[in-house]
Every structure is written in structure tokens, then in C-alpha cells.
Amino acid sequence: MVARAAVVGWPIAHSLSPTLHRYWINQYHIQDASYEAIAIQPGTFKQRILRLRDQGFRGVNVTIPFKEEAFALADKTDSAAQFSGAANLIFFSQGDIIGRNTDIPGIQDSLMQSLGSAALGGRNIVLLGAGGAARAVAYALQALKVARISILNRHRNRADELVADITRYGGDSELRTGTLLDWPDAARDAWLVVNATSAGMTGHPPLEIDIRFLAADARVCDIVYNPLMTPLLREAAARGHKIIDGLGMLMHQAAPSFQVFFYKEMQGKMPEVTAALRTALIEALRARG
Ligand code: NAP
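Read on for an overview of the structure. Quick caveat: nothing in here was measured; it's all calculated off a predicted structure. Positions within a chain are numbered from 1, following the residues in the order the chain's sequence is written. Per-residue local features of the predicted model are confined to residues with pLDDT of at least 70, and side-chain atom pairs are confined, for both listing and counting, to 80 or more; whole-chain, interface and lining totals are unaffected and use all residues. Excluded from the side-chain calculation are hydrogens and water; included are all heavy atoms of the structure.

**Section: the sheet that holds strand S5 (residues 89-93)**
- A pair of strands is treated as paired once DSSP finds two or more bridges between them. In DSSP terms, a helix is any run of H or I states spanning at least four residues, a strand is any run of E spanning at least two, and both are numbered starting from the N terminus. Pairing within the open sheet is mixed, and its six strands lie in the order S2-S1-S3-S5-S6-S4. Unpaired on one side and paired on the other, strand S2 (33-39) and strand S4 (76-77) mark the two borders of the sheet.
- In this structure, strand S1 (residues 3-9) lies alongside strand S3 (residues 57-62), joined through five bridges in parallel fashion. Paired with alanine 6 across the strands is valine 60, a residue of S3.
- Packing of helix H1 (residues 17-27) onto the sheet brings it into contact with S1, S2 and S3, and relative to S2 it is tilted by some 175 degrees. Contacts between residues were defined by any pair of non-hydrogen atoms, one from each residue, lying within 4.5 Å. Each axis is a line fitted through C-alpha atoms, taken for helices only over the stretch in contact, and angles between the N-to-C directions span 0 to 180 degrees.

This is the structure in C-alpha cells:
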């Protein structure tokens, strides 16, 4: 029987998940496996997921706009999904629908791979944004035991709500909130800044911040990956900052999904995030123009 998995969303043509998972299927020589991109019309999510289960799919990755519906549909969820109120992975196990959120380990592993596993402890971080992805980043940074997270968002109330939620999960990091007007103050002693807003994405205006407020050795991470070199990263690179692009998070958030979908074939092992995989994704992005 074919081992089937997919990514579902609306629209779905833009998703890089098929490129990622098919790369690993080939790399690990998994026979009789498929990973598809399936568009689901809003309003039909639950019935389509149940049908995919009946058709023998092992599970699906879930993207915009269904992550919250996926969380609500799941019988069991992990703490990352509970914190986010969103699941980007659902799979079927012994009659249950299991929901997980892999964005949190995704950004954690990406930062650790780029900056060193113990590098973030005790640092001051500026997090831009307070949407779904910023939630994952805030949770991850807190788990990495950073000293302070300054969460700046256009609408400050969302940053305040995020802090209220994250506080319930404990952790020792100092949490501050503000708007983008607070950037100059927050930037001055930032060891790392993470953009988790959608500003700078293709079709969106760039982020309106002046990166000259950052110290020369501050690191700049942008989780937006389309384009890969966002205006923020381009400017940061030109000023000599170390930069971390959004492909790291994308690859690392996919790995635990692949491990779940093809657990038997992988004998429980996690697929590797390698430079060759990154090259394959960059080529896929280029092919889209
Ligand atoms: P979201 O929930 O819609 O949140 C959007 C965020 O961006 C909000 O904080 C919003 O501020 C802010 N924002 C939008 N336009 C802005 C502008 N012009 N200036 C300043 N702030 C602006 O979106 P999301 O799901 O968090 O996704 C955010 C980005 O992360 C997307 O580009 C997505 O592709 C990317 N992402 C990447 C990965 C990865 O694996 N690399 C994973 C997940 C998401 P307000 O709250 O004030 O409106």
C-alpha cells in the first residue's frame, strides 16, 4: 500500500512542502510513498480531512487558513499546538486525530543550527510581530532561556495578549511589549532581532524600521522566505550583520512531520536538514520566478 501524506491549504500552489518531503522520500529511498498538495475550499475542511483519512492518508501538513480548524478538529494535541491554538500537522493514529505544531521546534532548531546550540541563553532579543508565527518564535525563545524578549507589533494589544498567554507557561525570560515606535530603544542592546511579521513578503510592503539602531555585531533573522533575501536581510547583510533566512525554520519545521508520516520506513529517525536540501528549495523558489 502506498504511504500517502499531503499538505492542505487554500490556496496551495505556492507551498514548498511537496519539494521538501519529496526530496526526503528520494533521499531515504522510501518506496511506494507519495506527498501531494491538496487544495481545500474554506468551509469544507473537516469533511475533506475525514475523507483523506478514509482514503488511507497517514496525515497532512496544514497551512493557511486552516491551522486553527486543524487544532479544533484534533482529538489530542501537544503543548506547542495548545499554546498556539493552531496545528500545522495532523495525523491519524488508532482512531484518533493527533494535532501538533512544529513551528516551535522549527525556529528553535534553525536558530541553534545557525548560532550554536547554547548561544541564545541570557541574550536580549527583539521579536517583531505578534501573529501566529511570532507566537511560535516567542515560545521557542523562552524555551531557549533568553534573558529578555521585546515583542514589538503594529497593534500593541496583540503583543500584550501574546505575553499574557506565554506567561501562563512559565519561563524566566523578561517579556516586554511595544509598537514599532519602540524599535530604536529596543534595538540598541539587541543580540538578535527576529522578524516574524509578514512585512517584506512578496506583495507586502517592507518593514519600516531603521536598522542603524542595531549594534554592529547584532544578528538579524527573517522568517519570511518568499523572497529569501527580504529587504530587511538585504540591508542587514550590506551593513555586515550575520543574517538567518526563513528557509532554516521551514526545513526544520518539516522534519518532525516527515518523521511522523514515514515513521516505519525511517525506523523512527528524523530526516536530515542539509545544505543540499536547502539548494533544492532555493532552486524551487527560483523556478517560480
Ligand atoms: P499573521 O498571523 O497574519 O501575522 C502577521 C503579522 O505581521 C502581525 O504581527 C501583523 O501586525 C504584522 N504585519 C503585517 N503587515 C505589517 C507591516 N506592513 N508592518 C509591520 N507589521 C506588519 O501571519 P503569520 O502566520 O504569523 O506569518 C507571518 C510571516 O511568517 C509570513 O510571511 C509567513 O510566510 C512567515 N512564516 C514563515 C515560516 C517559516 O517556516 N519560515 C513559518 C510560519 C510563517 P498586526 O498584528 O499589527 O496586524
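**Topic: the nonpolar core**
- Ranked by internal contacts, the top residues of the largest apolar core, which has 34 residues, are Leu111, Leu120, Leu127 and Leu192.
- Looking at this core, the elements with two or more residues in it are helix H4 (79-84), helix H5 (103-115), strand S7 (124-128), helix H6 (132-143), strand S8 (148-152), helix H7 (156-167) and strand S10 (192-195).
- The element best represented in this core is H6, accounting for seven residues.
- Apart from residues no more than four positions distant in its own chain, leucine 192 is found in contact with Leu111, Leu115, Leu120, Asn124, Ile125, Val126, Arg219, Val220, Cys221 and Ile244.
- Working definition of a nonpolar core: buried Ala, Val, Leu, Ile, Met, Phe, Trp, Tyr and Cys residues. They are joined through side-chain atoms within 4.5 Å. Exposure is judged per residue with a 1.4 Å probe applied to protein chains only, and the accessible area is read against the type maximum: over 50% gives exposed, under 20% gives buried, and values in between give partly exposed. Counting residues in each nonpolar core, the second largest holds 29 residues, with Ala5, Leu20, Phe258 and Leu281 among its members.

**Side note on the site of the ligand**
- The cutoff for a nearby residue is simple: one of its non-hydrogen atoms must lie within 4 Å of the molecule or strand. With respect to spatial proximity, 23 residues lie near the ligand, and among them Ala133, Asn153, Arg154, His155 and Arg158 are the closest.
- Polar contacts, as used here, are pairs of N or O atoms within 3.5 Å; protein pairs need one atom able to donate a hydrogen and one able to accept it. Residues neighboring in sequence count only if both atoms are side-chain atoms. A distance of 3.4 Å separates an oxygen atom of the ligand from a polar backbone atom of glycine 131.
- Contact between the ligand and arginine 154: an oxygen atom at 2.8 Å from a side-chain N or O atom of the residue.
- Computed with a 1.4 Å probe, the accessible areas rest on the Shrake-Rupley method; for each residue, only the protein chains presented here act as cover. Isolated, the ligand exposes 940 Å² of accessible area, and the fraction of that covered by the protein chains is 81%.
- Elements with a contribution of two residues or more to the shell around the ligand: H6 and helix H10 (247-261).
- Residues were grouped as follows: Ala, Val, Leu, Ile, Met, Phe, Trp, Tyr, Cys and Pro as nonpolar; Asp, Glu, Lys and Arg as charged; and all remaining residues, including Gly, as polar. Of the residues that constitute the shell around the ligand, the class distribution is 13 nonpolar, eight polar and two charged.

**Remarks on the environment of leucine 207**
- Structurally, the position occupied by leucine 207 is in the loop between S10 and strand S11 (219-222).
- We classify leucine 207 as buried; its relative accessible area is 17%.
- Sequence-distant contacts of leucine 207, defined by excluding residues within four places in its chain, comprise Leu128, Asn195, Thr197, Ala199, Gly200 and Leu232.

**A short note on the packing of H5 against H6**
- The geometry of H5 relative to H6 is characterised by a closest axis approach of 8 Å and an angle of 55 degrees between their N-to-C directions. On the basis of their axis angle, the class for H5 and H6 is oblique. As H5 packs across H6, the resulting crossing turns out to be right-handed. Where H5 abuts H6, its residues Asp103, Ile104, Ile107, Gln108 and Leu111 lie against Ala136, Val137, Tyr139, Ala140, Leu141 and Ala143. The labels follow the angle: roughly parallel below 35 degrees, roughly antiparallel above 145, roughly perpendicular from 65 to 115, and oblique for the rest. Should the near helix be turned anticlockwise from the far one by less than a right angle, the crossing is termed left-handed; should it be turned clockwise, right-handed.

**Topic: the pattern of salt bridges**
- By convention in these notes, a salt bridge is any Lys or Arg side-chain nitrogen within 4 Å of a carboxyl oxygen on Asp or Glu. What the rule picks out here adds up to 12 salt bridges.
- The partner of aspartate 245 in a salt bridge is arginine 278, and the shortest N-O contact between them spans 2.6 Å. With aspartate 245 in the loop between strand S12 (242-244) and H10 and arginine 278 in helix H11 (residues 275-288), this residue pair connects regions lying 33 residues apart in the sequence.
- Judged by relative accessible area, arginine 278 falls into the partly exposed class, the value being 28%.
- Within the structure, one salt-bridge network assembled from shared partners comprises Arg135, Asp165 and Arg168.

**So, the layout of surface pockets**
- Think of a 1 Å grid over just the protein atoms. A cavity is a set of points where a 1.4 Å probe fits yet cannot get out, a pocket is an open set with protein on both sides within 12 Å along at least five of seven lines, and lining residues have an atom within 4 Å of a point. Grid points are joined across faces, edges and corners, and a volume is the space filled by probe spheres set on the points. Approximately 170 Å³ is the volume attributed to the second largest pocket.
- Along the walls of the second largest pocket sit Ser110, Gln113, Ser114, Ile244, Asp245, Gly248, Met251, Val273, Thr274, Ala275 and Arg278, which together make up its complete lining.
- Where the lining of the second largest pocket is concerned, the elements lending two or more residues are H5, H10 and H11.
- The dominant element in the lining of the second largest pocket, judged by the number of residues it contributes, is H5, at three residues.
- In terms of residue class, the lining of the second largest pocket is built from four nonpolar, five polar and two charged.

**Considering the packing of H1 against H10**
- Direction vectors running N to C along H1 and H10 enclose 55 degrees, while the axes themselves pass 10 Å from each other. Comparing the axis directions of H1 and H10 gives the class oblique. The element H1 and its partner H10 pack so that their crossing is right-handed. Across the interface between the two elements, Leu20, His21, Trp24 and Ile25 of H1 pack against Leu250, Met251, Ala254, Ala255, Ser257, Phe258 and Phe261 of H10.

Honestly, it's all geometry; don't read function into it.
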